[in-house]
Structures are given as C-alpha cells and as structure tokens.
Amino acid sequence: MYKDSARRYWLTLLASGGIILAAAYMSLTNGIFDMTVADVIKTLLRIHPVPEHDLVIFDFRLPRLVIAALVGLGLGVAGAVIQGITRNGLADPGILGINAGAGAAIVIFMFFFEGQITGTGWLSVMIRPLFGLAGGLGAAILIYIFAWRGGKLDPQRLILAGIAIGSGFGALCLYLSLKMNAQDFEMATVWLTGSIWNANWDYIISMLPWLLVLIPIIMRKSTILDLFQLEENSVKGLGVATEKERSILLLSSIGIVSACVSVSGSIGFVGLIAPHIARRLVGIHYERVIPISGTIGMLLVIVSDFIAKTVFAPAELQVGIVISIIGVPYFVYLLFKARA
C-alpha cells in the first residue's frame, strides 16, 4: 500500500508538472503579440535575440508567469497549513483576514501617497508591495492577539478573529476607496480583486526569499501537521509542544500569504481549493499534501491568468475574478458535502 501511495504521489507530481509546463508554453506564446515556440526558445537561450521578442518575453510575459507560479505555490501551501492547524477543511488564508489587512495597507498608500513618489528606482517600485506586506503582517498580529486565550492559540477563535478583523479592514478599504479620485479608485479596485498585470522582476525578488525560507520550514513540520489531526490531548501525550509548533506553522503561512498578497492583490479560493484537490489525489499525509497543494495552486493561478488575459483580449479580466468564478461553485460543493 505504501508503494502504491508513493507511486500515485510521484505520478501526480509529474502530471501536474507537465500540465504546468503546457500552461506556461501557452502563456508565453499566446497573446496580442503571438510568438512561436522557436521564438521563445531562441529568446530565452539568447540565440539571435530580437529586441521585440526580448521586450515581450522578459518585460511582460515571463515576469507575469513567474509571479503567477510563485503566488499559486505560496497560497496553495499556506492553505494546506491553515486547514491542518485549524482542522477545518473550509479554512482559507483569505478567511484569516491577511488579504484584507494587506489590501487595507495598499489602499491607505494609494489614498495618502499615490503620485507623490516618483522615479524608477527600486524603492519607488517596491513601496506599494512593502505596504501590502506590512499590512498583512499587522493583520496577522491582531488576529494572533485575539485568538490567544488561556495561554494557548485557539484554532476556532483564530478563524472567528480572522473573519472579524477581515471585515473591519474591508470596511476601511471601502471607506477610503469612496474618498479617492476616479483614477486611484480604479487602480485600488483592480488590485483588491487580485491582479498580476503589473508584474516585474523586482516584485519577484521581493517575495522569493519568503518562499525559499518558509516553505522548507513548513515541509520539515509536515509530520507535526499529521499529528494535529488528532485530538489535542493525544498530540500533547505524544510529546509535541503544540503551542510552539502551531505558532511556527501559523507564522510561516502568514508570512507566505503576506508576501504573495503584497505583489498580486487579494486572490481568493486558491488556498481553499488546492489542499482539497491534493488530499483527494494523494491522501491525507502532509508530507505529500503540501507539495501537491503547491503545484495545484501554481496550475490554478497560471491557467486563470492565461484565461484572464486572452479570453476577452484586448480587454483583460483580473485573475482573482477568474479564480472566483472557478472557486465559488467548488466552495458551494464543499459546503453541501460538509452538511452531508
């Protein structure tokens, strides 16, 4: 049985990787400016480079593809961790209010500072994502404070605190948005619905260290997540420092979500859908659920972004809207399944 589950895991990982590569090929070659696969390969390998191809690939399509992949990876992994900590299959990074906190910080930046910071330097490019990151971490601190009761972190209280704080930040976003001028309001709305149209390499550099540091920490704690599916007293009886381990896992997932939201806006449902699909494909052990959840998240965001930028071309949807169209029916399905 172990060999069968291992074989299924590797087959799923290889199949997901193949589909991701196919989606990446479609994303790089299709658009308003169509390119052949030979053009893309020559551009990437620097064989007889053409300035127009360099511009399309390195300035527009490749950064967008990489950010879509990293955001999907991060949200998928974080969603699996949060569902494991709370033992709630309907938990999602967006429910914890992290997205709302980052969104509120971005709207505050747009309201008070938009147009005042000029130039093309690193700081002028990164100031908005840094605000989003600070907002996400600030929301996480508030949620952590309210969810801490009796010297320990209460998983159910965590979700309730996240919903309440997310609603508060959402109300703040709405209030500030209505006070903005029309142009800034449109930009805020695009960002809050989830968009990676303004992807660039600086954004990638800003979020990559968070993923490189925190995902390995989570993978090392995958067996702890398996134990968290037992009753609290049983986990403590096995010698697990539950509060310490839960805090490490929660803070790691919060850091990942904050980094993702800071560059892509509020993309929902990825952290909800990806872990469910992963568990159906490879079982309940988090050593396998976490990588598969990450690859499913990558696939969801890459495909949704491709749909967003091509279906209504030259107009473009926000990737968050496309994922919501996919996610809402699946969420309703999960609700009916949970009732049954």
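What counts, and at which threshold
- Residues numbered from 1 in each chain as written.
- Predicted model: local features only at pLDDT ≥ 70, side-chain atom pairs only at ≥ 80, totals over all residues.
- Heavy atoms only, no water.
- UniProt positions renumbered as here; feature names shortened; annotations may be inferred.
- Helix = DSSP H or I, 4+ residues; strand = E, 2+ residues; numbered from the N terminus.
- Polar contact = N/O pair within 3.5 Å; in protein donor to acceptor, adjacent residues only side chain to side chain.
- Contact = heavy atoms within 4.5 Å.
- Salt bridge = Lys/Arg side-chain N within 4 Å of Asp/Glu carboxyl O.
- Buried < 20%, exposed > 50% of the residue type's maximum accessible area, 1.4 Å probe, protein only.
- Arc of directions from axis to C-beta.
- Patch = residues over 30% accessible without salt bridge, like charges linked within 9 Å, V, L, I, M, F, W, Y side chains within 5 Å.
- Areas by Shrake-Rupley, 256 points an atom, 1.4 Å probe, with all protein chains shown as cover.
- Disulfide = S-S within 2.5 Å.
- Core = buried A, V, L, I, M, F, W, Y, C linked by side-chain atoms within 4.5 Å.
- pLDDT = per-residue confidence, 0-100.
- Expected span 1.5 Å × (residues − 1).
- Bend = angle between axes of the 7 residues up to and from the residue.

Taking an unreviewed UniProt entry as the reference, the protein is identified by name as Iron-uptake system permease protein FeuC belonging to Aneurinibacillus aneurinilyticus ATCC 12856. As stated in UniProt under Sequence similarities (unreviewed entry), the record for the protein gives "Belongs to the binding-protein-dependent transport system permease family. FecCD subfamily." Listed under Subcellular location (unreviewed entry) in UniProt, the entry text for the protein is "Cell membrane".

## What about the side chain of serine 304?
Examined against the element boundaries, serine 304 turns out to sit in helix 13 (residues 286-310). There is a polar contact of 2.7 Å between the side chain of serine 304 and the backbone oxygen of leucine 300. If we ignore the near neighbours within four places in the chain, the residues touching serine 304 are Val319, Val322, Ile323 and Ile326.

## A closer look at the pattern of salt bridges
The full count for this structure, using the stated rule, is four salt bridges. With a closest N to O distance of 2.9 Å, aspartate 54 and arginine 46 form a salt bridge. The partly exposed category is assigned to arginine 46, whose relative accessible area is 41%. In this structure, glutamate 243 engages arginine 246 in a salt bridge whose closest nitrogen and oxygen atoms are separated by 3.4 Å. Of this pair, glutamate 243 and arginine 246 both sit in helix 11 (residues 242-264), three residues apart, which is roughly one turn of that helix. Each member of the pair glutamate 243 and arginine 246 is classed as buried.

## Structural notes on helix 7 (residues 182-192)
Of all the residues in helix 7, the buried ones are Asp184, Ala188, Val190 and Trp191. Across the axial projection of helix 7, the buried residues extend over an arc of 160°, all falling on one side. Helix 7 presents Ala182 and Glu186 as exposed residues on the side facing more than 90 degrees away from its buried surface. Where helix 7 is buried, its residues meet helix 4 (98-113) and helix 11.

## A closer look at the environment of isoleucine 98
Looking at the element boundaries, isoleucine 98 is found in helix 4. A relative accessible area of 2% places isoleucine 98 in the buried class. Considered as a pair, isoleucine 98 and methionine 35 are 63 residues apart in the sequence and their alpha carbons are 38 Å apart. Here isoleucine 98 is in contact with Pro93, Gly136, Ala139, Ala140, Ile143, Ile254, Val257 and Ser258, once residues within four sequence places are set aside.

## Comments concerning a nonpolar patch on the surface
Together, Tyr25, Met26, Val37, Ile41, Leu44, Leu45 and Ile47 give the surface a local cluster of nonpolar side chains, amounting to about 600 Å² of exposed area. Sorting the residues of the nonpolar patch by element identifies helix 1 (2-29) and helix 2 (37-44) as the ones contributing at least two each. The element contributing the most residues to the nonpolar patch is helix 2, with three residues. Structurally, leucine 44 can be placed in helix 2.

## Some words on the state of the cysteines
Taken as a whole, this structure holds zero disulfides when the rule is applied. Here cysteine 173 is not cross-linked by a disulfide; its sulfur's nearest cysteine counterpart is in cysteine 260, at 18 Å. By relative accessible area, which is 8% here, cysteine 173 ends up buried. For cysteine 260, a relative accessible area of 0% puts it in the buried group.

## Section: the nonpolar core
Formed by 95 residues in total, the largest nonpolar core has its most connected members in Ile67, Val71, Met207, Leu225, Leu250 and Ile256. Sort the elements by how many residues they give to this core and helix 3 (residues 51-86) lands first, with 16 residues. Leaving out residues up to four positions away in the same chain, isoleucine 256 has contacts with Gly74, Ala78, Leu211, Leu214, Ile215 and Ile218.

## A look at the confidence of the model for the protein
Reading predicted coordinates in detail is not appropriate for stretches of low pLDDT. The predicted model of the protein has a mean per-residue pLDDT of 84, with 94% of residues at 70 or higher. For the protein, helix 7 is the element with the lowest average pLDDT, namely 75, and helix 13 is the one with the highest, namely 93.

## Describing helix 3
An α-helical turn contains 3.6 residues, so any two residues separated by three or four positions project in the same direction. For helix 3, spanning 36 residues, the distance from its first C-alpha to its last is 51 Å, which sits close to the expected 52 Å at 1.5 Å a residue. Most pronounced at arginine 61, the bend in helix 3 amounts to some 40°, and the proline proline 63 follows within four residues. Among the 36 residues that make up helix 3, 28 are buried, leaving the element largely enclosed by the rest of the structure. Note on helix 3: the residue one or two positions beyond its end, arginine 87, has a positive phi of about 55°.

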